[in-house]
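Observations on the three-dimensional arrangement
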Amino acid sequence: MAENLIEVKNLKKYFDMEAGTVKAIDDITFTIKENEVFGLVGESGSGKSTTGKVLMGIHPPTEGEISFREHDISISSSGRAKAIKRDMNMVFQDPGGSLNPTKTVLDIVGLPLRIHDMVDGKKEMAKEVYQLLNTVDLDPERFMYRRPNDLGQGEKQAVAIARAIATDPSFVVLDEPTSALDVSIQAKIMNILIDLQDEYNMSYLFITHDLGLMRNIADRVAIMYLGRFFEVADSHVFFETPLHPYTKVLLGSFPTTTKEEEKLKPDLKARGEIPSAMDLPSGCRFHTRCPFKEEKCLETEPELVEVQEDHFVACHLVNGVDDVEYDVEEVEQEEKEFEYDIEGIEMKT
Amino acid sequence: MADEDNEDKKIHEEGEEVEEKVEEIVEEREESPWKDALKRRWYRFSSNPLSLVGLAITIITIFLAIFGEYIVPYPSHGGLYHNYDAKFIQPFTNWKYPLGTDSMGRDVLTRTILGFRYSIRMAVVVLSLVVPSGVVVGLVAGYHKGTWIDTLLMRISDIFIAVPPLVLALSITAMLEPEPFYAMMAVSLMWWPWYARITYNNVSSISNEEFVRSAEIMGDSKIHIMFSEILPNCTGPILTKMTLDAGWVIIIGASLSFVGLGAQPPTPDLGTMVSGGSDYLPHHWQVSIFPAMAISFIILGFNLLGDGIQDAFEESGGGS
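Here the structure is a predicted model, which is why all the values come from computation and not from measurement.

Attention now goes to the overall build of chain B. Helix and strand content of chain B: 12 helices and zero strands. Compactness check: chain B gives a C-alpha radius of gyration of 27 Å against a globular reference of 20 Å for 320 residues, more than 25% above the reference. Principal-axis analysis of the C-alpha atoms places the extent of chain B at approximately 105 × 50 × 30 Å. A sequence separation of at least 24 residues applies to 71% of the contacts in chain B between residues at least 6 apart.

Okay, here's the thing in structure tokens:
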């Protein structure tokens, strides 16, 4: 069994705003193993990016513990040991903002090497950067002396990736690394990321709202909603036998290409929009949109429980794989009748 | 076994090849690291002919300030020289004195050209005191936005900003001696907060950029983040303000001289000359009008140049 690289216990992150407190992360616990790609999915506003940023120390946690190879890192990055900072890095969503427009690619990718005294002098740095650019499929001779404004989005993100792996870290947070890119470039960047993970034996925290990408890269997937995890499972379990209603809804929103795939997909629709993290619903925070909600869902918040080995679900209606209290088919039937009613009404008017 | 050796050798050779190549690229490019950026900025700068005019005027101004005394027809006219036979020659009437002469028969052209040096000296001294101090204060405060460092530094600079530089310079020089040195110090004391403020505004927005977060999580030092990551992104606005301020400082210097609190006669300071010549207006207008035009010329140059610099930095400045 692989060692735990990152352990997160009861992590909370609240932001105090003028209008009230935003509970961006509200009590999450998880571990990321060595050499593992841990996927984190959720809608925008679910707190997934904040989770990445708290792990990297951009925001200090409000409560809870984070440890990295058993070193406590529940503080902002300025308080962390330099050796730990060298061992983890991050790729941001917007490659434009994460690269300094006044620097050349050489200086950008070489910055972490310089910070950690891994190179001596500019020439040595250039040699390292040359190799790093090769590993992310950029021609070093063409790109070394360009500035970010002269690069395309995909090239910028490749530069950001080269910088993230420069110090040979064991852990990299990828915060929606492809969502700002064209689809054609997405595939290329994803391939680079997958190859590098193999080559450098890194663990990723891969944050995205794109379930298709997640399926390609993640070993384990967690689904986040309003600051909480609803379901955590191995990737194939997550996609094949999802248990939480929200997971089913999300997988239902996943576009399919063939009729056969269409049939396999749970057909449920979440109603309405994600509520505000400032004003959370009582009880289970998903009840406002859940097609199966019962009375107890309005009153008590479900805990994340292990319903089967390595498969955690936070739902009152799910107590085990064989003990799912809700019946998908029944609800589908109801939904169809509901739609039928609406059509009927429209016909009359 | 042999295969392995060959492979090792091959890798080694490849490594050497890369090394050579890298060295070539680095050497070629490190000679002119700013070339590309400058070329782009120059293109944007030169697309406006007025900027070029401003640049030309500023170059002429600086040239005259440095080499003026070697090219003027009568270097001795800068001092107490007098030749009452030749006093108040009207301009454009005598080819020996193209711009006429003043009350002591000194060549107005000579004295005006020599005057450039005093104006530029004022601007250079004040700016070289004010810009570094203001920028450092603004940079530190802006990067620590919201902390006590920010509050302390910016409140102090607010105190200084509340006093108009000209008024303080007037009172200090009136209190002490009417000397350009005191004027420069007084103006500098009141001027740095403007640089603190402009830098602060730029830095506090650039500090929110993700490349700053990125440098922080990688463990970069605060000093390096401030001076190497953030500061180069605000050079545009600072440079623009510097150029425009050079004109303002010259105006203040000239104003002080005009009221008799700056350079004293017979120093060929432009402000002093305007003031001295004003007694003979309007009949002997050349004595004060030509130095006054010189002041306008210098300030026009700096203003046009400042606008041009602003254009050149607009797009890439401010971390956009």
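With that settled, consider the interface of chain B and chain A. Contact with chain B, which involves 24 residues of that partner, is made by 31 residues of chain A. For the side of chain B that touches chain A, the secondary-structure elements that each account for two or more residues are helix 1 (2-30) and helix 8 (210-218) of chain B.

Right, let's talk about the pairing of strand 6 (residues 88-91) of chain A for a bit. Residues and elements named next belong to chain A. Side chains of strand 6 alternate between two faces, with Met88 and Met90 and Asn89 and Val91 buried alike. Taken together, the four bridges between strand 6 and strand 7 (residues 171-175) define a ladder with parallel strand orientation. Pairing of Val91 across the sheet is with Leu174, part of strand 7.

Residue and element names in this part refer to chain A. In terms of burial, strand 10 (residues 228-234) is largely enclosed, as six of its seven residues are buried. Judged from the six bridges that link them, strand 9 (residues 220-225) and strand 10 form a sheet pairing that is antiparallel. If you follow Tyr225 over to strand 10, its bridge partner there is Arg228.

Turning our eyes to something else, we now look at helix 6 (residues 165-175) of chain B. Residues and elements named next belong to chain B. Considered for burial, the residues of helix 6 that qualify are Pro165, Ala169 and Thr173. The buried residues of helix 6 occupy one face: seen down the axis, they fall within an arc of 50°. In helix 6, those exposed residues whose orientation departs by more than 90 degrees from the buried face are Val167 and Met175. Buried residues in helix 6 make contact with helix 7 (180-206) and helix 10 (235-258).

Okay, the packing of helix 11 (residues 270-277) of chain B against helix 12 (residues 286-314) of chain B next. All names here are of chain B. Contact pair helix 11 / helix 12: the axes reach a minimum separation of 7 Å and the direction vectors enclose 150°. When the axes of helix 11 and helix 12 are compared, the pair comes out roughly antiparallel. With respect to the hand of their crossing, helix 11 and helix 12 are arranged in left-handed fashion. Along the contact surface, helix 11 presents Leu270, Met273, Val274, Gly276 and Gly277, while helix 12 presents Val287, Ser288, Pro291, Ala292, Ala294 and Ile295. Residue composition of the contact of helix 11 with helix 12, by class: eight nonpolar, three polar and no charged.

Omega for the peptide link from Pro265 of chain B to Pro266 of chain B comes to 5°, which places this bond in the cis form. Of note, Pro266 of chain B is situated in the loop between helix 10 and helix 11. Positive phi, close to 50°, is recorded for Asp117 of chain A, a residue that is not glycine. If you trace the backbone, Asp117 of chain A turns up in the loop between helix 4 (105-115) and helix 5 (122-135). Within the chain, Phe92 of chain B stands out as a residue other than glycine whose phi angle is a positive 60°. Within the secondary structure, Phe92 of chain B is located in the loop between helix 3 (49-71) and helix 4 (108-143). Among the residues examined, Phe92 of chain B registers 11 C-beta atoms within 10 Å and is labelled exposed.

With that settled, consider the sheet that holds strand 2 (residues 20-33) of chain A. Strand order in the open sheet formed by four strands is 2-1-4-5 (chain A), and the pairing between neighbours is antiparallel. Across the chains shown, the open sheet's two edge strands, defined by having one partner strand only, are strand 2 and strand 5 (71-72) of chain A.

Next up on the list: helix 4 of chain B. Across its 36 residues, helix 4 of chain B extends 51 Å between first and last C-alpha, which sits within 8% of the 52 Å expected from 1.5 Å per residue. In terms of burial, helix 4 of chain B is a largely internal element, 26 of the 36 residues being buried.

For any two helices packed against each other, one specifies the crossing angle of their axes together with the interaxial distance. Residues and elements named next belong to chain B. Direction vectors running N to C along helix 4 and helix 5 (residues 148-161) enclose 145°, while the axes themselves pass 8 Å from each other. Taken as a pair, helix 4 and helix 5 cross one another with a handedness that is left-handed. Residue-level inspection shows Val137, Val140 and Ala141 of helix 4 in contact with helix 5, the latter providing Ile149, Asp150, Leu153, Met154 and Ser157. Residues belonging to the contact of helix 4 with helix 5 are distributed by class as follows: six nonpolar, one polar and one charged.

Bringing the sheet that holds strand 7 of chain A into the picture now. All names here are of chain A. The strand order across the open sheet built from eight strands is 6-7-8-3-9-10-12-11, with neighbouring strands paired in mixed fashion. The open sheet has two edge strands with one neighbour each: strand 6 and strand 11 (305-308). Looking at each pair of strands side by side, their axes are set apart by 20° on average, direction ignored. Direction of pairing for strand 3 (residues 37-41) relative to strand 9: parallel, over a ladder of four bridges.

Okay, the environment of Ser276 of chain A next. With respect to the secondary-structure elements, Ser276 of chain A resides in the loop between helix 12 (259-264) and helix 13 (295-299). Sequence separation between Ser276 of chain A and Val22 of chain A is 254 residues; the distance between their C-alpha atoms is 8.4 Å.

Cut-offs used in this document
Residues numbered from 1 in each chain as written. Chains lettered and ligands numbered in written order. Predicted model: local features only at pLDDT ≥ 70, side-chain atom pairs only at ≥ 80, totals over all residues. Helix = DSSP H or I, 4+ residues; strand = E, 2+ residues; numbered from the N terminus. Rg over C-alpha atoms; globule rule 2.2 N^0.38 Å. Contact = placed C-beta atoms within 7 Å. Buried ≥ 20, exposed ≤ 12 C-beta atoms within 10 Å, placed from the backbone. Pairing = 2+ DSSP bridges. Arc of directions from axis to C-beta. Axes fitted to C-alpha atoms, helices over the stretch in contact; angles between N-to-C directions. Parallel < 35°, antiparallel > 145°, perpendicular 65-115°, else oblique. Left-handed = near helix turned anticlockwise from the far one by under 90°. Nonpolar A, V, L, I, M, F, W, Y, C, P; charged D, E, K, R; others polar. Expected span 1.5 Å × (residues − 1).

Shape is all these values report; function is a separate question.
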